[in-house]
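# Coordinates in review
Next come the chains, spelled out residue by residue.
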Amino acid sequence: MTLRSIVYLLIGFVFITPLLWMVSTSLKYENQVFERPFVFIHLDNVNWSNYAHILTQTDFLTWLWNSLFVVLVSSCFRLLLAALGGYAFGYLRFRYSEAIFFCFLAALFIPYQLTLLPQFISFRFIGLLDTHWALILPNTIDILSIFLMRQFFLSFPKELIHAAYIEGSGIFRSFARVALPLARTPLLTLGLLSFFMIWDQYFQPLIFLHSKSLYTIPLGLQSFQTQFGKQYAMQMALACLAIIPVLGVFLALQKQFVESIVSSGLKG
Amino acid sequence: MVRKWGLLAVSIVLASSLAACGGKNDNGGEGAASKPAETTSGSKGETVTLKFLNISEYLDSAEFKEFLDRFEAKYPNIKVDPVSVPHEQYINKRNIMLASGEQVDLIWGNGVEQFDAINKGFLMPLDDVAQEVGIDMSKDFGDFKPDKDGKHYRFPIQQNNWMLYYNKKVFDDAGVPYPDPKVPMTWDEMAEVAQKITNTSGKDKVYGMFYNNWGMYFYGYGSQLNEGKFYTDDGMANIDAPEFKRSLEWMNDVMNVRKAAMPIAEYIQNNTDFLSYWNGGYGMVVGAQWYAQLAATKKDQYPRDWKAGIAPMPVPTEMAGKHMNWSNIDSLAVPKNSKHAKEALILAREYVADYTLGAGALPMYTKVSKDQYFADLAEALKDDDITLEQVTYLFGGDPDVINVEEKPVLGAPQEYESTFLDIVSQYYTGAMTVDDVLKSVKTKVDAAIVEQSKQ
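Residues numbered from 1 in each chain as written. Chains lettered and ligands numbered in written order. Predicted model: local features only at pLDDT ≥ 70, side-chain atom pairs only at ≥ 80, totals over all residues.

Under the annotation held in an unreviewed UniProt entry, chain A carries the name Carbohydrate ABC transporter permease and is attributed to Cohnella fermenti. Per UniProt, chain A carries the Sequence similarities (unreviewed entry) text "Belongs to the binding-protein-dependent transport system permease family." Under the Subcellular location (unreviewed entry) heading, UniProt states for chain A: "Cell membrane". (UniProt positions renumbered as here; feature names shortened; annotations may be inferred.)

## Quick notes on the overall build of chain B
If you tally the helices and strands in chain B, you get 18 helices and 11 strands. For 455 residues, the compact-globule estimate of 2.2 N^0.38 gives 23 Å, and chain B sits close to it at 25 Å. Each principal axis of the C-alpha distribution contributes one length, and for chain B these read about 85 × 60 × 50 Å. Going through the 455 residues of chain B one by one, you find that 46% of them count as buried. (Helix = DSSP H or I, 4+ residues; strand = E, 2+ residues; numbered from the N terminus. Rg over C-alpha atoms; globule rule 2.2 N^0.38 Å. Buried ≥ 20, exposed ≤ 12 C-beta atoms within 10 Å, placed from the backbone.)

## Examining the UniProt feature "domain: ABC transmembrane type-1" (unreviewed entry) in chain A
Here the UniProt feature "domain: ABC transmembrane type-1" (unreviewed entry) sits at residues 64-253 of chain A. Secondary structure within residues 64-253 of chain A divides into 77% helix and 0% strand; the distance between the first and last C-alpha atoms comes to 20 Å.

## Some words on the UniProt feature "transmembrane region" (unreviewed entry) in chain A
Residue and element names in this part refer to chain A. The UniProt record annotates "transmembrane region" (unreviewed entry) at residues 7-27, 68-92, 99-121, 133-154, 175-199 and 232-253. Along residues 133-154, the helical share is 91% and the strand share 0%, with 32 Å between the first and last C-alpha atoms. Within residues 175-199, the helical portion is 96% and the strand portion 0%, while the C-alpha atoms at the span's ends are 29 Å from each other.

## Considerations on the packing of helix H9 (residues 187-197) of chain B against helix H11 (residues 242-257) of chain B
All names here are of chain B. The geometry of H9 relative to H11 is characterised by a closest axis approach of 10 Å and an angle of 10 degrees between their N-to-C directions. Classified by the angle between their axes, H9 and H11 sit roughly parallel to one another. Counting all contacts with H9, which are made through Trp187, Ala191 and Ala194, the residues of H11 involved are Trp250, Asp253 and Val254. Residue composition of the contact of H9 with H11, grouped by class: five nonpolar, no polar and one charged. (Axes fitted to C-alpha atoms, helices over the stretch in contact; angles between N-to-C directions. Parallel < 35°, antiparallel > 145°, perpendicular 65-115°, else oblique. Contact = placed C-beta atoms within 7 Å. Nonpolar A, V, L, I, M, F, W, Y, C, P; charged D, E, K, R; others polar.)

## Notes on the sheet that holds strand S8 (residues 308-312) of chain B
All names here are of chain B. What the four strands build is an open sheet, ordered S6-S7-S5-S8; its pairing is mixed. Every interior strand has two partners, whereas the edge strands, strand S6 (207-210) and S8, have only one. The sheet shows a mean angle of 20 degrees between the axes of neighbouring strands, direction not considered. Strand direction decides the pairing type here: strand S5 (residues 163-167) and S8, joined by five bridges, are antiparallel. Bridge pairing in S8 places Tyr165 opposite Ile310. (Pairing = 2+ DSSP bridges.)

## Focus on the confidence of the model for chain B
Residues and elements named next belong to chain B. On average, residues of chain B carry a pLDDT of 87, and 90% of them reach 70 or more. In the predicted structure, residues 12-43 sits below a pLDDT of 50 and forms 53 contacts with residues beyond four places in sequence or in another chain. We note a pTM of 0.77 for the whole complex and an ipTM of 0.76 for its interfaces. (pLDDT = per-residue confidence, 0-100.)

## Focus: H11(B)
All names here are of chain B. For H11, the full list of buried residues reads Phe244, Ser247, Leu248, Met251, Val254 and Met255. For H11, the arc enclosing every buried residue in end-on projection is 120 degrees, short of the 170-degree limit, so these residues lie on one face. For H11, exposure combined with an orientation more than 90 degrees from the buried face picks out Pro242 and Val257. Looking at the buried side of H11, the elements it contacts are H9, S6, helix H10 (216-225), helix H12 (264-269), helix H17 (413-428) and helix H18 (434-454). (Arc of directions from axis to C-beta.)

## Brief notes about H18(B)
Note on helix geometry: an α-helix contains 3.6 residues per turn, so any two residues three or four positions apart are oriented the same way. Residue and element names in this part refer to chain B. Spanning 21 residues, H18 covers 31 Å between terminal C-alpha atoms, matching the ideal 30 Å at 1.5 Å per step. Along H18, the residues that are buried comprise Val437, Leu438, Val441, Lys442, Val445 and Ile449. Here the buried residues of H18 occupy an arc of 125 degrees about the axis, which is enough to place them on one side. For H18, exposure combined with an orientation more than 90 degrees from the buried face picks out Glu451 and Lys454. The secondary structure elements touched by the buried residues of H18 are H11 and H17. (Expected span 1.5 Å × (residues − 1).)

In structure tokens form, the structure reads like this:
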């Protein structure tokens, strides 16, 4: 038992080390970042000015708001469309549904970088470039999410929907009143995963946004970079602040998230 | 019934996918770029908006915002739309914007990046347009030669001014006299001094020499020897020339024989940053003006209890006594698809004359006074007992300095540098001989140059 605890502790320590390094670095001066020997925190000379700089001299709050806006709007639409798509492909079935779904899956195999230039040209042509919609709209459709919801609805008890039909519900009503509430757990998990994935996106905002006022947190993080190197201490201070909403969302929904994973809510 | 609704649900999904390709015509769209008012110069009183692509460190500063206010007040018919990109991803964004036909009017780039753009056919020659705004590209930037086919594609901002920075405390502790402020050491002398001041026996190791894992720290000595001849006469890689071999061997001597510099494996493993020099554990480093701008003058961010000194950068024995510099020019350039080349060059001219100087860098443009720049820098470094005379001599005020190329910029410059850095560490770890390293780099870079010439 003790040995097992030690092993778990060690594994936990490995996972938490980057986080500790992040906090430690955020409280240092730039020339202390890679000092040897490593000092966790210089208690006699803690550098709080990195945080002060981030909060007063940068557009951190704007970046934070932009990130939250893009992530929340994208995630909501993604969940709605994933549920609709999953229900259609997994439960309703229809002529050529397998073939259409295969086409959806095939899109997963196209490397994102390959689509970047055509996407950029399309967005420019229709005027979406340098707007948050250039980030939101592509994020609303996620093939993997549709796939996961399809797997859920494949094993969904048909009797429940049939009962709804018998009671006079139409296709949308039975979806909204019966299927959707029962899909709460996988949708919650998908929502959390989507939140983290979209929150971390860097390349899309980098390419599609020009105006600094539209930047999201990952782009803001790169502001502390010169052509010669990075200001790690400043970056880590921003990262510490930026992690708060993510941590908040995770902690708030942790119980449901773990439950859904444990109970294999997303059946494959 | 079920089929019908199933098809409807899938249709919604598909329609939403397509919605990603539809939306309002916002700023930045083609419509915005081609407004009639922006297609002509300000001569008719119409407003021109210039899209200016640059790296974040230059566009996000308070000084740049102040410069823009001054510029737009001076030229009310020219508006500037700055696009700021972190340097790490700058080339990706630049390539996508230019390859997609996005109208960009002015782009920033260092030597490698601008020659990459020239090779890709992104840029327009500037000589004729420059005449229109009163600039002579062959005279107004000192000894600045045409880039390709006798034409200038780059509008120079500043060039690096390299020197030797040293830690006076490390020299004092070792009882070794400081380097001469005017007469450069030879590389061999530097190796000896580095060995003398190295002390790796204590708890806090002190290496006599610090280096960056950048190409010039390995091949730069060779560049001084052969006047920056990184390419053979037929345009292929010249990295296997004896001068570069000697350069790599010198570094091996300092690092692995004299043990006066951190072993490269440790350097990479520690993720050593180029600003690590300023934590005090090193005696000397060859660095450019950016060390002064980023660290030496910013003691609030890089606090230190030791004084820094500056001296000319070391030279080969054959060049003893001469003041040499590795030249790498940052510049602005006008993409071919710009519709406002003249206004772009007006912005470029004001950028170097006003902003560059105001932001603490020395512009190559000869029509601006540089005295204040030297005075401000000397004032910022006075706590290190560095004088105005030293600053003027080393930070770009010596007309007799001999400039050689800092790095390869002509054929496949990005591939040249990255291939070299990918392979060279194997020599210093003993995995490959110096001849094998240079041969391997040459083979790969030659292939990249040939490939590029086909495009």
